[in-house]
Amino acid sequence: MRLDKLLANSGFGSRKDVKKLVKARAVTVNGEVAKQVKDHVDPSNDEVLVHGERVEYKEFIYLMMNKPDGVISATEDLRDETVVDLLEPEDIAREPFPVGRLDKDTVGLLLLTNDGQLAHQLLSPKKHVPKTYEVHLKYPLGDQDIKRLEEGVVILDDYHTKPAKVEVDANEEEDTRIRLTITEGKYHQVKLMAQAVGNEVIFLKRLSMGAVSLDEDLAPGEYRELTDEELDSLMNRE
Ligand code: URA
């Protein structure tokens, strides 16, 4: 791998930034001052130091974003702003992509990574990764509707949704605010489930995916790297 790629991927800024570091003779490879950013290094065997500090190469990047309203969950779009447009250039350089899709008007937890294997695992219908949403509905939800949502409803003509969990917000006078946990992710699933019981979603926010919950300190559009604990829980490595 080129030295500039290794350094940029390890959090030392853009390719331009790391070029400056190399020019300033701040980078050594196996004890020798690096001369050119295009030199090749082996991240697992070469010892690369920046200002005397060892560079820990991270192969993948794992981010959680509080997706804002009006932004598309894609890497690029001709018309609309995408979640990747909201990232810093050094993170975009790692080529992360959203793990699954939230609708343009859905907000909340969105994971982004360049680790295709993890993304695949989290999205695989076989893994049943639970996803919890805060859902505001147009009409109050009756006991019968809750039962139907929990047992499964028919969406997309003939698809029976898997068992789900409904928690009604106890602070509300009317049962229009719920938490819905589903273990699958059909396109527009929550909205379609609400429609199947004659209701309508007016606000949708994803709160968690597997064991990872949205960090409420993140304002809409903000993001951060996953902690090691969060990553371990997603990878079932606890
Ligand atoms: N279900 C939906 O209808 N929309 C989303 O964005 C996510 C789940």
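Residues numbered from 1 in each chain as written. Predicted model: local features only at pLDDT ≥ 70, side-chain atom pairs only at ≥ 80, totals over all residues. Heavy atoms only, no water.

The name given to the protein in an unreviewed UniProt entry is Pseudouridine synthase, and the organism recorded there is Bacillus safensis.

Colleague: What am I meant to see in the site of the ligand here?
Modeller: Looking at the ligand, the residues that line it are Leu102, Asp103, Thr106, Tyr133, His188, Gln189, Val190, Lys191 and Leu204. A distance of 3.2 Å is found between an oxygen atom of the ligand and a backbone nitrogen or oxygen belonging to histidine 188. The contact in question runs from a nitrogen atom of the ligand to an N or O atom on the backbone of valine 190, over 3.0 Å. Computed on the free molecule, the ligand has an accessible area of 240 Å², of which 96% lies beneath the protein chains in the complex. Mapping the ligand onto the cavity grids shows that it belongs to the largest pocket. Considering each element in turn, the shell around the ligand owes the most residues, 3 residues, to helix α6 (residues 189–196). Of the residues that constitute the shell around the ligand, the class distribution is 4 nonpolar, 3 polar and 2 charged. When we break the shell around the ligand down by domain, the ones giving at least three residues each are domain 2 (62–125 + 212–235) and domain 3 (130–209). (Near = heavy atom within 4 Å. Polar contact = N/O pair within 3.5 Å; in protein donor to acceptor, adjacent residues only side chain to side chain. Areas by Shrake-Rupley, 256 points an atom, 1.4 Å probe, with all protein chains shown as cover. 1 Å grid on protein atoms, 1.4 Å probe; cavity = no way out; pocket = protein on both sides within 12 Å on 5 of 7 lines; lining within 4 Å. Sits in = over half its atoms within 2 Å of the grid points. Helix = DSSP H or I, 4+ residues; strand = E, 2+ residues; numbered from the N terminus. Nonpolar A, V, L, I, M, F, W, Y, C, P; charged D, E, K, R; others polar. Domains from an automatic or database assignment.)

Colleague: Honestly, the pattern of salt bridges in this entry has me stumped. Any pointers?
Modeller: Between side chains of opposite charge, a pair can form when the charged atoms approach closely. Inspection of the entire model under this criterion finds 14 salt bridges. Notably, a salt bridge pairs aspartate 4 with arginine 15, separated by 3.6 Å at the nearest N-O pair. In this pair, aspartate 4 sits in helix α1 (residues 3–9) while arginine 15 sits in helix α2 (residues 15–23), placing the two residues 11 residues apart along the sequence. Glutamate 230 serves as the salt-bridge partner of arginine 224, at 2.9 Å between the closest nitrogen and oxygen. (Salt bridge = Lys/Arg side-chain N within 4 Å of Asp/Glu carboxyl O.)

Colleague: Would you mind showing me how to read the domain arrangement of the protein here?
Modeller: Quoted interface sizes are often the accessible area lost when the parts come together. Taken domain by domain, the protein comprises domain 1 (3–54), domain 2 (62–125 + 212–235) and domain 3 (130–209). Centre-to-centre separation of domain 1 and domain 2, based on C-alpha positions: 28 Å.

Colleague: For this particular structure, what's the right way to read empty space enclosed by the protein?
Modeller: The gaps of empty space that remain are located by a probe, the size of a water molecule, rolled over the atoms. All chains considered together, the criterion is met by 1 cavity of 30 Å³ or more. Of the voids in this model, the largest cavity is the one considered here, and its volume is about 40 Å³. Around the largest cavity, the lining residues are Val135, Leu137, Leu149, Ile178, Leu180, Val190, Met193 and Ala194. The set of elements that each furnish at least two residues to the lining of the largest cavity consists of β8 (131–137), β12 (177–182) and α6. With 3 residues, the single largest contributor to the lining of the largest cavity is α6. (Points joined across faces, edges and corners; volume = space filled by probe spheres on them.)

Colleague: Is there a simple way to think about the nonpolar core in this case?
Modeller: Generally speaking, nonpolar side chains in soluble globular proteins are found buried as a group. Ranked by internal contacts, the top residues of the largest apolar core, which has 31 residues, are Val135, Leu141, Leu180, Val190 and Met193. If you list the elements that add at least two residues to this core, you get β5 (62–67), β7 (107–113), β8, α5 (143–151), β12, α6 and β13 (201–209). In terms of residues, this core owes the most to one element, α6, which gives 4 residues. Mapping this core onto the domain boundaries places at least three of its residues in each of domain 2 (62–125 + 212–235) and domain 3 (130–209). Apart from the residues lying within four places of it in its own chain, the contact partners of valine 190 are Tyr133, Val135, Leu180, Ile182, Val201 and Leu204. Counting 16 residues, the second largest nonpolar core, distinct from the first, contains Leu111, Leu122, Leu214 and Leu218. (Core = buried A, V, L, I, M, F, W, Y, C linked by side-chain atoms within 4.5 Å. Buried < 20%, exposed > 50% of the residue type's maximum accessible area, 1.4 Å probe, protein only. Contact = heavy atoms within 4.5 Å.)

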